[in-house]
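# Chain and residue survey
One letter stands for each residue in the lines below.
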Amino acid sequence: MDTTATPEAPISAATGLTWNPQLHTGDHRMDDTHEEFVDMLNRLLATPPGEQLPLYREFVAHTVEHFAQEERWMLATGFSADNCHASHHATILETLNAVVDHYQQGDTEIISRLAEALVEWFPQHAASMDAGLALHMKDVGFDSRTETLADPDRVKPATMSGCGSVSCS
């Protein structure tokens, strides 16, 4: 993985994202998962379209676990199951799952187009919803490495419905 921090490097949807401090959320485990996500996106974009499907399937599996991990954390720290952050994840996963059929029907450019769209989407998602979730986890004493709360009494189950903080913006 490229861990070089180059905030001045231009972001081009066609060439991918450079992992940089602006993508950090404040939670090391979340950031590690995000760096893997960015690396896989970049590898997809660097792979010729006719050879992308196996890597794309790995990317989808990674993204399913990535989103499930964050949603476990949301539930453990007091978010309702139907919060808008999880709804964004569901929309992305629905799109990811629809791509394989289109690809197999001959639209071999669809994976690249989707990867480019995710390059555009991800920085804002990480900076808002994920950074908000990371801050909330810190505030309630949640350790993402062990997935435990220092004091479970600090969290009331399913009390938050926001995107990564108390309210959606």
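Here we summarise the structure given alongside this text.

To continue, consider helix 4 (residues 110-140). At Ala126, helix 4 is bent by approximately 40°, the largest bend along its length. A positive phi of about 80° marks Gly141, the residue just after helix 4.

Let us look at the pattern of salt bridges. Applying the stated criterion to the full structure yields six salt bridges. Between Asp39 and Arg43 there is a salt bridge; the shortest N-O distance is 3.9 Å. Of this pair, Asp39 and Arg43 are both found in helix 1 (residues 28-46), four residues apart, which corresponds to roughly one turn of the helix. Among the salt bridges present, the one from Arg72 reaches Glu65, with a minimum N-O distance of 3.3 Å. We classify Glu65 as partly exposed; its relative accessible area is 40%. Each member of the salt-bridge network shares a partner with another, and the members are Arg29, Glu65, Arg72 and Glu147.

The rules behind these values
- Residues numbered from 1 in each chain as written.
- Predicted model: local features only at pLDDT ≥ 70, side-chain atom pairs only at ≥ 80, totals over all residues.
- Heavy atoms only, no water.
- Bend = angle between axes of the 7 residues up to and from the residue.
- Helix = DSSP H or I, 4+ residues; strand = E, 2+ residues; numbered from the N terminus.
- Salt bridge = Lys/Arg side-chain N within 4 Å of Asp/Glu carboxyl O.
- Buried < 20%, exposed > 50% of the residue type's maximum accessible area, 1.4 Å probe, protein only.

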